[in-house]
Amino acid sequence: PIVTHSDDSGPHTTDVRFIRVPRKKWPAGSQRPLYYWAPGYPRVVSSVLSPEYAGVQGQRETVPIGHIPQVEETWAYWDTDYGIQNERGLSIGES
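Predicted model only: the values in this text are computed from it and were never measured. (Residues numbered from 1 in each chain as written. Predicted model: local features only at pLDDT ≥ 70, side-chain atom pairs only at ≥ 80, totals over all residues. Heavy atoms only, no water.)

### Some thoughts on the overall build of the protein
- Scanning the protein from N- to C-terminus turns up zero helices and eight strands.
- Out of the 95 residues belonging to the protein, those deemed buried represent 24%.
- When the accessible surface of the protein is summed, it comes to about 6,800 Å², and 57% of that surface belongs to carbon and sulfur atoms. (Helix = DSSP H or I, 4+ residues; strand = E, 2+ residues; numbered from the N terminus. Buried < 20%, exposed > 50% of the residue type's maximum accessible area, 1.4 Å probe, protein only. Areas by Shrake-Rupley, 256 points an atom, 1.4 Å probe, with all protein chains shown as cover.)

Listed below in structure tokens is the structure:
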């Protein structure tokens, strides 16, 4: 399947990175950070989410706006500005 979206971002630059968030096992009691995803680039800077979201050229880590309990294991997924797909092929998008 393919998930597509037309992104007319107007005067703002869109973060078009296609990021792979790796599968992980988490220690009991772990908390998942929640972020406000900024418009434009970078939408988030977080080496916790993925090495590919780590800061470059002096970018600072995005400060979480909150946390929720983390499950024991998360599947890998592809993350982009709108639709995402996990390693099992389950996809979501915006219509």
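### A few points about the pattern of salt bridges
- One pass over the structure, following the stated rule, counts four salt bridges.
- Between Arg-17 and Asp-15 there is a salt bridge, with the nearest N and O atoms lying 2.7 Å from each other. Of the two residues, Arg-17 and Asp-15, both sit in the buried class.
- For the salt bridge of Arg-23 with Glu-87, the shortest nitrogen-to-oxygen distance reads 2.6 Å. Here Arg-23, found in the loop between strand 1 (19-21) and strand 2 (24-25), pairs with Glu-87, found in the loop between strand 7 (84-86) and strand 8 (91-92); they are 64 residues apart in sequence, far enough to count as distant.
- Residue classification places Arg-23 among the partly exposed positions, given a relative accessible area of 37%. (Salt bridge = Lys/Arg side-chain N within 4 Å of Asp/Glu carboxyl O.)

### Brief notes about the confidence of the model for the protein
- On average, residues of the protein carry a pLDDT of 87, and 87% of them reach 70 or more.
- Element-level mean pLDDT values for the protein span from 82 in strand 8 up to 97 in strand 4 (residues 66-69). (pLDDT = per-residue confidence, 0-100.)

### A word on the nonpolar core
- Counting residues in hydrophobic clusters, the biggest one holds seven residues: Ile-19, Val-21, Tyr-35, Val-44, Leu-49, Tyr-53 and Tyr-77.
- Residues in contact with Leu-49, not counting those within four places in the same chain, are Val-21, Pro-22, Arg-32, Tyr-35, Trp-37 and Val-44. (Core = buried A, V, L, I, M, F, W, Y, C linked by side-chain atoms within 4.5 Å. Contact = heavy atoms within 4.5 Å.)

### So, the sheet that holds strand 8
- Taking strand neighbours across the sheet as the criterion, the four strands line up as 1-6-7-8 in an open arrangement whose pairing is antiparallel. One side of each edge strand has no neighbouring strand; the edge strands of this open sheet are strand 1 and strand 8.
- Pairing between strand 1 and strand 6 (residues 77-79): three bridges, direction antiparallel. Among the inter-strand pairings, Ile-19 is bridged to a residue of strand 6, identified as Asp-79. (Pairing = 2+ DSSP bridges.)

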